[in-house]
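Architecture at a glance
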Amino acid sequence: MHRNAVAVARALREAGAAGEVVELAASARTAAQAAQALGCPVGAIANSLVFLADGDPVLVLTSGGHRVDVDATAAALGASELTRPKAPAVRAATGQPIGGVSPVGHPRRLRTVVDVDLLRYDVVWAAAGTPHAVFPTSFSELLRLCDAEPARVG
């Protein structure tokens, strides 16, 4: 397993998470690719997107079924501006590449919001540090693992 996936698996175990990291043969860089590989609805994929809220990195875990409404999410975060950083800034904040950013296993805790649309699914799949690794979880477990805030982001 890739070192990032190993670090995520360790973080999940230490946090008492129920799911285990699964490596996929095909890339799951996008929600559609992940859903196809896992045989689940695209909405059950938790996209891990890094934004800058007034310059500070934040993690937005959104349902793969829709796009982030930047204005609504900025308001939920109490930020005046929400922008997308370039790939090097995402890797610096998370230690993981775009397309594989996990909700856990980062060098430092990121403020995180979890899309309330993920409540619709009993099992939610999230990236595990690489575009080829995922783990099963739930909305409530994501809130706990990330010490996150629920929000309507789409």
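Residues numbered from 1 in each chain as written. Predicted model: local features only at pLDDT ≥ 70, side-chain atom pairs only at ≥ 80, totals over all residues. Heavy atoms only, no water.

**Describing helix 4 (residues 87-94)**
Each turn of an α-helix holds 3.6 residues, which means side chains three or four residues apart point in the same direction. Listed in full, the buried residues belonging to helix 4 are Val90, Ala93 and Thr94. Burial along helix 4 is one-sided: seen end-on, the buried residues are contained in an arc of 80 degrees. Across helix 4 from its buried face, at more than 90 degrees, point the exposed residues Pro88 and Ala92. Close packing links the buried residues of helix 4 with strand 2 (45-53) and strand 3 (56-63). Within two residues after helix 4, Gly95 carries a phi angle of roughly 75 degrees, on the positive side. (Buried < 20%, exposed > 50% of the residue type's maximum accessible area, 1.4 Å probe, protein only. Helix = DSSP H or I, 4+ residues; strand = E, 2+ residues; numbered from the N terminus. Arc of directions from axis to C-beta. Contact = heavy atoms within 4.5 Å.)

**Focus: the pairing of strand 5 (residues 111-115)**
Burial of strand 5 is extensive: four of the five residues sit out of reach of the surface. As defined by bridge partners, strand 5 adjoins strand 8 (residues 149-151) across three bridges and the pair is classed as parallel. Counterpart to Val113 in the pairing with strand 8 is Glu149. (Pairing = 2+ DSSP bridges.)

**Regarding the environment of Leu24**
Its place among the elements puts Leu24 in the loop between strand 1 (22-23) and helix 2 (31-38). Separated by 13 residues in the primary sequence, Leu24 and Ala37 have C-alpha atoms spaced 7.4 Å apart. Not counting the four nearest positions on each side in its chain, Leu24 is found in contact with Ala37, Leu38, His132 and Val134.

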